[in-house]
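Spelled out, the chains give:
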Amino acid sequence: MTLQDTVERISRKLESKGITSDPQIIEAKLKRYINEFSVPLTEAERSVMNEFARDYGIDNVISGPSETKKITDLKAGDWATIEGKVVSLSGSNHPSIAQSGIIADETGPIKFVIWVKGPQKRVELDKYYCIESAIVDEYKGALSLKMHSGTTIVPVENDISYIPSFTQIQELKPGVHSVKVKLVQEWEVNHDRMLQTGLIADESGPIKFVIWKEAGAEPLKPDIVYGIYYATVDEYNERLSINISGCMITPLNEEFSPITSRDTTVEGVIVQVSTGSGLVKRCPVEGCKRVLSRQNYCPVHEYQPDFVYDLRIKGWLDDGIKAYDLLVKRKGVEAFTGITLDAAKETAETSPLGMDELYYQIKEKMLGRYVTCTGFLIEGRMVTEQCHPISLKTGDKALMLVELQEGKE
Amino acid sequence: MMENGRFQRQYVREPARRVFAAEFRDADHQMRGDEKDEKSPTYVLLPTGELCNRIFIVGTLTEKQKQGEQNVIYRARISDPTGTFFIMAGSYQPEAMAQIAKIEPPNFVAVVGKPNVYERDDGQKFVSVRAESVTIVDKETRDLWILETARRTLDRIKGSGQNQDLAANHYRRDPKTYKQMVQEALISL
């Protein structure tokens, strides 16, 4: 750090508070501390900055240079200096943002944003920089580094290549992570700008991913283990998803068996089959699929005469300890009741009760029955395609009788 | 995958407890979950120490009776290996009422309902179930229910906690009574 850097930083900090200062005055003040009183530069900077702060009645100014930290040690609200390599640059998607991307050191990556009103210096991909006095911000659990007018960006000579470590999917938190995964499920794309979405998984579990359409973006292929570097994990409705657009993605010469779903199994009794179960009509608009009213009316897309039929059960699954909000999808309903979607359509068309006939038929077959459901369980809600009757295990009887006998002795 | 447009609610449904008729018949204490809150749900305290706002039973519908002209109420008896449950369904339970009306005894039925303690004119208390739903089921479901109810009852007898203390204090019964009951139920299988 040179005297000139310090002068510049002080004048920028003052500028950010709307004060125009004379660099020569700042320099003179600093020199006085350094040369006459043998004060170290950092201490001189703090003193001079404080003096200006007092004179102009400004507060919330960090008077000294901020501490140099490792990226993993950063906390929200820190005023920090870091040194790292720009590993991803995504440009600007907002008029007040000049540049954004990801910077990493040997301890890990963090997102950064350079404000238009911030430092004039721009960064380049794969180059090393010392970022002085940036602010660590937190949004939805993810940290980012904000570079404002008091921040200085200094290129540094370095050629260390930081090897990013992979995070297990189960351990992911909002922020920037690298993962080693396979594509396990591809979902229908429901947005014009979306290239691919679905589930990727490693040996710890799956996560929803998305790739947006942009230059050079390519979809993932099945059966290949990919290393995906510096992807952004977001949280929405308490569920995580990972955005891998613009990430470096390389096929790895490795093999593993991904855990494809966080399936949970619940055994219990179907204690309620709610109205809206059975045969339903769904909105045909792509990505909508909402259930239509009796008048074929979608709450969003209005009248839809070309609806699509579907089978489902809405109800409650209860194991005597806890009641689970249950949604059984078509495959599960078909397997359990033996009523196929086609047969259900025919019944609905010929029965005087119409679609209600299916509700009654399915209710009679499912209500009060012991079932085992395997599917996605979140917040007490089970969504499943696998719903099977439980069969009697006679061993349980013997075990309990033995237990009773032992209790007596 | 969350279904589109679904209203996210924080509603916790009361689970349906599993209990044999012999234990259920002994229950005569009903209380609010929160005594100060009039809107709090009411619970029947089982002798083995469980507060239940809802129960699930499977047994044989042995008798049914229609009462009243304008306000029709159906009453029915459901028997299990240990005793009999009394269930009822009135105009506020139209679904259960229609189902009972259709089912001819004897038949295996699964019943989900709300327990209530009533006091008769002579001061004696008795407990019955206001049915939410009644469905015909097969013998295997009945057997599964006996096994599951035996398991849950034994767990309650072994368990300890606030509800167990409450029950021990109120009912002062020898836990052997209910072990005996579970044994009888299991042997009946």
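Values in this document were obtained by computation on a predicted structure and should not be read as measured data.

(A) Representation of the overall build of chain A. Looking only at helices and strands, chain A features seven helices and 20 strands. A compact globule built from 409 residues would reach a C-alpha radius of gyration of about 22 Å, whereas chain A, at 31 Å, exceeds it by more than 25%. For chain A, the spread of C-alpha atoms along the three principal axes comes to 100 × 70 × 50 Å. Within the span of chain A, comprising 409 residues, buried residues form 44% of the whole. Within chain A, counting contacts between residues at least 6 apart in sequence, those at least 24 apart form 56% of the total.

(B) Region of interest: the interface of chain B and chain A. Contacts between the two partners involve 45 residues from chain B and, on the opposite side, 45 residues from chain A. Of the roughly 3800 Å² buried between chain B and chain A, counting both surfaces, carbon and sulfur atoms make up 54%. Applying the counting rule to chain B against chain A returns five salt bridges. In this structure, the salt-bridge partner of R18(B) is D318(A), at a minimum N-O distance of 3.4 Å. Our count for the contact surface shared by chain B and chain A stands at 13 residue pairs in polar contact (both at pLDDT 80 or more). By residue number, the principal contributor to the side of chain B that touches chain A is helix α3 (residues 139-158) of chain B, which donates 12 residues. Looking at the side of chain B that touches chain A residue by residue, the class counts come to 19 nonpolar, 10 polar and 16 charged.

(C) Representation of the sheet that holds strand β3 (residues 42-46) of chain B within the structure. All names here are of chain B. Spatially, the three strands line up as an open sheet ordered β2-β3-β4, and their pairing is antiparallel. For this open sheet the edge positions go to β2 (29-32) and β4 (50-52), each flanked by a neighbour on one side alone. Going across the sheet, the axis of each strand differs from the next one's by a mean of 35°, ignoring polarity. Judged from the three bridges that link them, β3 and β4 form a sheet pairing that is antiparallel.

(D) Spatial organisation of the pattern of salt bridges. Tallied over the entire structure, the rule returns 30 salt bridges over all chains. Here D356(A) and R294(A) are joined by a salt bridge, their closest N and O atoms 3.0 Å apart. In this pair, D356(A) is assigned in helix α6 (residues 355-366) and R294(A) in the loop between β14 (278-282) and β15 (297-298), connecting sequence segments 62 residues apart. Under the relative-accessibility criterion, R294(A) is labelled exposed at 65%. A salt bridge links D325(A) to R381(A); the shortest N-O distance between them is 3.9 Å. You can see D325(A) sitting in strand β18 (residues 323-328) and its partner R381(A) sitting in strand β20 (residues 381-389), a full 56 residues away along the chain. Given the relative accessible area of 11%, D325(A) is considered buried. On the basis of relative accessibility, which here comes to 6%, the residue R381(A) falls in the buried class. Via salt bridges that share partners, D318(A), R18(B), E148(B) and R152(B) belong to a single interconnected network.

(E) Up close: the packing of helix α4 (residues 330-337) of chain A against α6(A). Residues and elements named next belong to chain A. The N-to-C vectors of α4 and α6 enclose an angle of 65°; their axes lie 10 Å apart at closest approach. One finds that α4 runs roughly perpendicular with respect to α6. As α4 runs across α6, the sense of the crossing is left-handed. In contact with V333, F336 and T337 of α4, α6 contributes I362, K365 and M366. Residues of the contact of α4 with α6, tallied by class, amount to four nonpolar, one polar and one charged.

(F) Region of the structure containing the packing of aromatic side chains. Counting across every chain of the model gives eight aromatic pairs over all chains. Ring geometry for Y359(A) and Y360(A): centres 5.3 Å apart, planes at 55°, overall tilted. For the pair Y118(B) and F126(B), a centre-to-centre distance of 5.7 Å together with 35° between the ring planes defines the contact as tilted. Between the NZ or CZ atom of K281(A) and the centre of the ring of F307(A), over which it lies, the distance is 4.7 Å. For R120(B), the ring lying beneath its charged end belongs to F126(B), and the centroid distance is 4.8 Å.

(G) Region of interest: the domain arrangement of chain A. The domain boundaries assigned to chain A delineate domain 1 (3-56), domain 2 (71-155), domain 3 (169-252) and domain 4 (263-389). Centre-to-centre separation of domain 1 of chain A and domain 4 of chain A, based on C-alpha positions: 71 Å.

(H) Main features of the nonpolar core. Within the largest apolar cluster, 62 residues are counted, with the highest numbers of intra-cluster contacts made by F56(B), I87(B), V134(B) and W145(B). For this core, the element with the highest residue contribution is α3(B), accounting for seven residues. If sequence neighbours within four positions are ignored, W145(B) has contacts with Y370(A), V19(B), F20(B), F56(B), I57(B), V58(B), D80(B) and F85(B). Of all hydrophobic cores here, the second largest spans 26 residues; its members include V273(A), Y309(A), L326(A) and M382(A).

(I) View of the pairing of β18(A). All names here are of chain A. With six of six residues buried, β18 lies mostly within the body of the structure. Here β18 shows no split at all, with A323, D325 and L327 on one side and Y324, L326 and V328 on the other all buried. In terms of strand pairing, strand β17 (residues 308-318) meets β18 through six bridges, oriented antiparallel. Its bridge partner being in β18, D318 is matched across the sheet by A323. Between β17 and the antiparallel strand that follows it, β18, lie four residues; G320 among them carries a positive phi value of about 90°.

(J) Main features of the packing of helix α1 (residues 3-16) of chain A against helix α2 (residues 23-37) of chain A. Residue and element names in this part refer to chain A. Remark: α1 packs on α2, axes separated minimally by 9 Å, with the N-to-C direction vectors making an angle of 125°. Judged by the inter-axis angle, α1 sits oblique to α2. The crossing of α1 and α2 is right-handed. For the pair formed by α1 and α2, the contact residues are L3, Q4, T6, V7, I10, S11 and L14 on the first element and P23, I26, E27, L30, K31 and I34 on the second. Split into classes, the residues belonging to the contact of α1 with α2 amount to eight nonpolar, three polar and two charged.

(K) Quick look at the side chain of T153(B). Residues and elements named next belong to chain B. Within the secondary structure layout, T153 lies in helix α3. We classify T153 as buried; its relative accessible area is 0%. Once residues within four sequence positions are removed from consideration, T153 is found in contact with R18, F20, E23, T48, M181 and V182.

Scoring rules and cut-offs
- Residues numbered from 1 in each chain as written.
- Chains lettered and ligands numbered in written order.
- Predicted model: local features only at pLDDT ≥ 70, side-chain atom pairs only at ≥ 80, totals over all residues.
- Heavy atoms only, no water.
- Helix = DSSP H or I, 4+ residues; strand = E, 2+ residues; numbered from the N terminus.
- Rg over C-alpha atoms; globule rule 2.2 N^0.38 Å.
- Buried < 20%, exposed > 50% of the residue type's maximum accessible area, 1.4 Å probe, protein only.
- Contact = heavy atoms within 4.5 Å.
- Buried area = accessible area lost by both parts, 1.4 Å probe.
- Salt bridge = Lys/Arg side-chain N within 4 Å of Asp/Glu carboxyl O.
- Polar contact = N/O pair within 3.5 Å; in protein donor to acceptor, adjacent residues only side chain to side chain.
- Nonpolar A, V, L, I, M, F, W, Y, C, P; charged D, E, K, R; others polar.
- Pairing = 2+ DSSP bridges.
- Axes fitted to C-alpha atoms, helices over the stretch in contact; angles between N-to-C directions.
- Parallel < 35°, antiparallel > 145°, perpendicular 65-115°, else oblique.
- Left-handed = near helix turned anticlockwise from the far one by under 90°.
- Phe/Tyr/Trp six-rings, centres within 6.5 Å; stacked < 30°, edge-to-face > 60°.
- Lys NZ or Arg CZ within 6 Å of the ring centre and 35° of its normal.
- Domains from an automatic or database assignment.
- Core = buried A, V, L, I, M, F, W, Y, C linked by side-chain atoms within 4.5 Å.

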